[in-house]
Amino acid sequence: MDTTLFQPIPGMADLAAPEVLLWQRLEEQARRIMPLYGFTEIRTPALEYTPVFTRALGETTDVVQKEMYTLADRGGRSLTLRPEGTAGVIRYAAGQGAAADGARLYYVGPMFRCERPQAGRKRQFHQLGVEALGEPNPAADVEVIALQQHLFQSWGLRDFTIDVNTRGLPDDRPAVAQGLAAAVRPQLDALCADCRRRFDTNILRLLDCKQESCRQVIAALPDMATFMSAPARAYLDEVVRLLAQLHLPARVNPRLVRGLDYYIHTVWEIRHPALGAQDALSGGGRYRITQGEKNFDGVGFAAGLERAVMAVQHDQPGWLAAIQPDAPVSLVALGAAARDANLQLAQELRQRGCACGLDLGDRSLKAQMRAANRAGSAWAVIRGERELAAGAAALKDLRDGQQTELKLEDVVAKLIAATGPTRVAPAPG
Ligand code: HAM
C-alpha cells in the first residue's frame, strides 16, 4: 500500500482539533484588534502571475531565487503560489487606483515557500499580516509596531523581543553596498561559499548568514547606517524616539536587514525564545514597490501563525485545555420513533445555541450511554415510547448519576439555561 497517499507533502500539515481551536482563537483576537487600528480584511488569490513577486521582492532574494513554487498555466504564462502577502496586496492596490490611497488592509492565509522543512519552517505556512499604504512617516511605522505588540499581548505572549533597524532610502544603497564591500573584501576568504556569492550579488544578504565563520566577520563590520544619508539616519532616530514614547521595548539591531528587497527605512523583527533556530515570530517594515509607472509606499508586517501557536503553547500552556468546547448534551433514543423525535429535538436545541449529539443509528441503550460518556457529555436526555407518549423525558446528570423525569419543555429550558448559548472562554493576557 502506498502510505504516502495518507500523508501531506513534507513541510505541509493538516490542521485539526484540538490545535485548530487555538488557531481560531488567535484569529478571533486578531479580527477584534485590527478594526481598532482601522484595518479591514483583504483576501487575495493564492496564485498570481510570477512577476507580481519577482518584481516586488527582488530578483536576487532567496525567496525568488530558490523558494517559489512556480508553474505554467495552459497558455504558458508563469504563475506562482504566493510566498508572502505584501506583493499581492500591492497588486490589488495598483488596480484600485486612487481608491486605494491610504488603504489599511490585513490578511490571514496560507503562503508557500519551497524551503528545507524543519521545526518552525514549513513549505505551506500561514501568515497574519497588515499593510498600511501611505508616504513614509515614522509615526505610521511605530503605529504598526505597536499594533503587533498589542496583538501578541492579546495572545498571552510575554517573552518576545523587538529588533529594529533601517534600510535607508533607495539612493543610499550604492553607498551602503560600497562601504560594506570595502570592509568585507579583505576577509572574503573567511566567508562561506554562499556569502562569497552574496558579496557579488546582494551584499546585504551576507549580514543574515548564520555560519559561525561569517558571524565573526559580520560582527566587526561598521553599522549600515553610517554609510547612509542624514535624512535616512534622522528617520530612524525619529522611529526610536516614538517607540520610546509608547514604551515599546524595541532595540536597534544594526545587523538586521530582512530578506526582501522592497524595504526602505524602518525594518523590524519580533523574536520569541521558545522558537529555537527559526525564532522570528514576525517581520515587517516600510517598503516601496513599483507597479507599472507608480511607486507604492507602505508599511506592514506578517506574523507566522505556526510559530505564533508554538509560542502561545509555551507562554500559555493551559490555554488550549481551557478553550475546549462545552461538553455536549447527548440525546439517547429507545426505538425508531424516539430516534426521529430526537432529530427534531436536536435541531431545536442547536438552534437555541445548545451543542448536542445523538445516535443516528440503532444502537442499544448501553452503547448510547457509553458514547455519551466518551463524548464528555454533562447530560443525557433519554426517551422511549412511554416518554414520547407522555411528552416527557428522563434527564440524567452524567456527573453525579442523578436521573429525573420531567416534561420535555422543562428539559429544554433546563438545558438551555445550563449549557447555551455556547460560552466562549476568555483569552489570557
Ligand atoms: P517574512 O519575514 O518573510 O516577511 O515572513 C514573515 C513571517 O512569516 C516570519 O517572521 C515567520 O514567522 C513566517 N514565516 C516565513 N517563512 C516561513 C516558513 N517557511 N515556515 C513558517 N513560517 C514562516 C514577509 O513575508 C513580509 N511580507 C512581511 C511584511 C509585510 N513586510 C511588510 N509587510
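Refer to the preceding data block for the structure.
Only a predicted model underlies this, so the values are computations on that prediction, with no experimental measurement involved. (Residues numbered from 1 in each chain as written. Predicted model: local features only at pLDDT ≥ 70, side-chain atom pairs only at ≥ 80, totals over all residues. Heavy atoms only, no water.)

A. Looking closely at the sheet that holds strand β9 (residues 263-271). With respect to topology, eight strands assemble into an open sheet ordered β1-β5-β6-β11-β10-β9-β7-β8, the strand pairing being mixed. Edge positions in the sheet fall to β1 (40-41) and β8 (250-252), since each has one partner strand and no second. The pairing of strand β5 (residues 104-112) with strand β6 (residues 124-133) spans nine bridges and is antiparallel. When the bridges of β6 are listed, Tyr106 appears paired with Val130. Contacting β1, β5 and β6, helix α1 (residues 19-33) crosses the sheet at an angle of about 160 degrees to β5. (Pairing = 2+ DSSP bridges. Helix = DSSP H or I, 4+ residues; strand = E, 2+ residues; numbered from the N terminus. Contact = heavy atoms within 4.5 Å. Axes fitted to C-alpha atoms, helices over the stretch in contact; angles between N-to-C directions.)

B. Representation of the environment of Glu67. For Glu67, the location among the structural elements is in helix α3 (residues 62-67). Residue Glu67 is classed as buried on the basis of its relative accessible area, which comes to 11%. Residues Glu67 and Gln368, 301 residues apart in the sequence, show an inter-C-alpha distance of 52 Å. Once residues within four sequence positions are removed from consideration, Glu67 is found in contact with Asp62, Phe112, Arg113, Cys114 and Glu115. (Buried < 20%, exposed > 50% of the residue type's maximum accessible area, 1.4 Å probe, protein only.)

C. Layout of the pattern of salt bridges. One pass over the structure, following the stated rule, counts 25 salt bridges. Asp362 is the partner of Arg339 in a salt bridge, and the nearest nitrogen-oxygen pair spans 3.4 Å. One end of the pair, Arg339, is in helix α12 (residues 336-351); the other, Asp362, is in the loop between β13 (356-358) and α13 (365-374), and 23 residues separate them in sequence. The partly exposed category is assigned to Arg339, whose relative accessible area is 24%. The closest approach of N and O atoms between Asp397 and Arg399, which form a salt bridge, is 3.1 Å. Taken together, the shared-partner salt bridges in this structure form one network comprising Asp163, Arg251, Arg258, Glu269, Arg271 and Asp279. (Salt bridge = Lys/Arg side-chain N within 4 Å of Asp/Glu carboxyl O.)

D. Fine view of the nonpolar core. Ranked by internal contacts, the top residues of the largest apolar core, which has 46 residues, are Phe152, Trp155 and Leu281. In terms of residue count, the dominant contributor to this core is helix α5 (residues 138-154) (eight residues). (Core = buried A, V, L, I, M, F, W, Y, C linked by side-chain atoms within 4.5 Å.)

E. Seen up close, the side chain of Thr50. Looking at the secondary structure, you find Thr50 in the loop between β2 (47-49) and α2 (51-57). When its relative accessible area of 9% is taken as the criterion, Thr50 is described as buried. Among the polar contacts made by the side chain of Thr50, one reaches the side chain of Thr80 at a distance of 2.8 Å. The residues contacting Thr50, other than those within four sequence positions of it, are Met68, Thr70, Ser78, Leu79 and Thr80. (Polar contact = N/O pair within 3.5 Å; in protein donor to acceptor, adjacent residues only side chain to side chain.)

F. Region of interest: the pairing of strand β7 (residues 161-166). Judged by how many residues are buried, β7 sits mostly within the fold: five of six residues are covered. Pairing analysis gives six bridges linking β7 to β9, with the strands arranged antiparallel. For Thr161, the partnering residue across the bridge sits in β9 and is Arg271. Sheet topology places β7 next to β8; three bridges connect them, and they run parallel. In the sheet register, Val164 faces β8, and the bridge partner there is Val252.

G. Fine view of the packing of aromatic side chains. All chains considered together, the criterion is met by four aromatic pairs. Judged by centre distance (5.6 Å) and plane angle (80 degrees), the rings of Phe152 and Phe160 are edge-to-face. Here Phe152 matches Phe160 in class, with each residue buried. The structure contains a cluster of three or more aromatic residues connected by ring pairs, namely Phe152, Trp155 and Phe160. The ring centre of Tyr49 lies 3.8 Å from the NZ or CZ of Arg77, which sits over that ring. Directly above the aromatic system of Trp379 lies the positively charged group of Arg399, at a separation of 5.2 Å from the ring centroid. (Phe/Tyr/Trp six-rings, centres within 6.5 Å; stacked < 30°, edge-to-face > 60°. Lys NZ or Arg CZ within 6 Å of the ring centre and 35° of its normal.)

H. Focus on the sheet that holds strand β3 (residues 70-72). With respect to topology, three strands assemble into an open sheet ordered β2-β4-β3, the strand pairing being antiparallel. Here the strands that pair on one side only, and so sit at the sheet edges, are β2 and β3. Going across the sheet, the axis of each strand differs from the next one's by a mean of 35 degrees, ignoring polarity. Strand direction decides the pairing type here: β3 and strand β4 (residues 78-81), joined by three bridges, are antiparallel. Looking at β4, one finds that Leu71 is bridged to Leu79.

I. How the structure looks around the side chain of Thr61. The topology assignment puts Thr61 in the loop between α2 and α3. Given the relative accessible area of 0%, Thr61 is considered buried.

J. The site of the ligand, seen in detail. The immediate surroundings of the ligand are formed by 27 residues, with Glu84, Glu115, Lys122, Arg258 and Tyr263 found nearest. Backbone polar atom of Leu281 to an oxygen atom of the ligand: 3.1 Å apart, as the coordinates give it. Within the complex, the protein chains bury 95% of what would otherwise be the 660 Å² of accessible surface of the ligand. Those elements that provide at least two residues to the shell around the ligand are β6, β10 (280-291) and β11 (294-304). Top contributing element to the shell around the ligand by residue count: β10, with seven residues. Counted by class, the shell around the ligand contains ten nonpolar, nine polar and eight charged residues. (Near = heavy atom within 4 Å. Areas by Shrake-Rupley, 256 points an atom, 1.4 Å probe, with all protein chains shown as cover. Nonpolar A, V, L, I, M, F, W, Y, C, P; charged D, E, K, R; others polar.)

K. Highlighting α1. Look at α1: 22 Å from first C-alpha to last across 15 residues, which is about the 21 Å you get at 1.5 Å a residue. Looking at α1, one finds that the buried residues are Leu21, Leu22, Trp23, Arg25, Leu26, Gln29, Ala30 and Ile33. Buried residues in α1 make contact with β6, α5, α10 (305-315) and α11 (319-322). (Expected span 1.5 Å × (residues − 1).)

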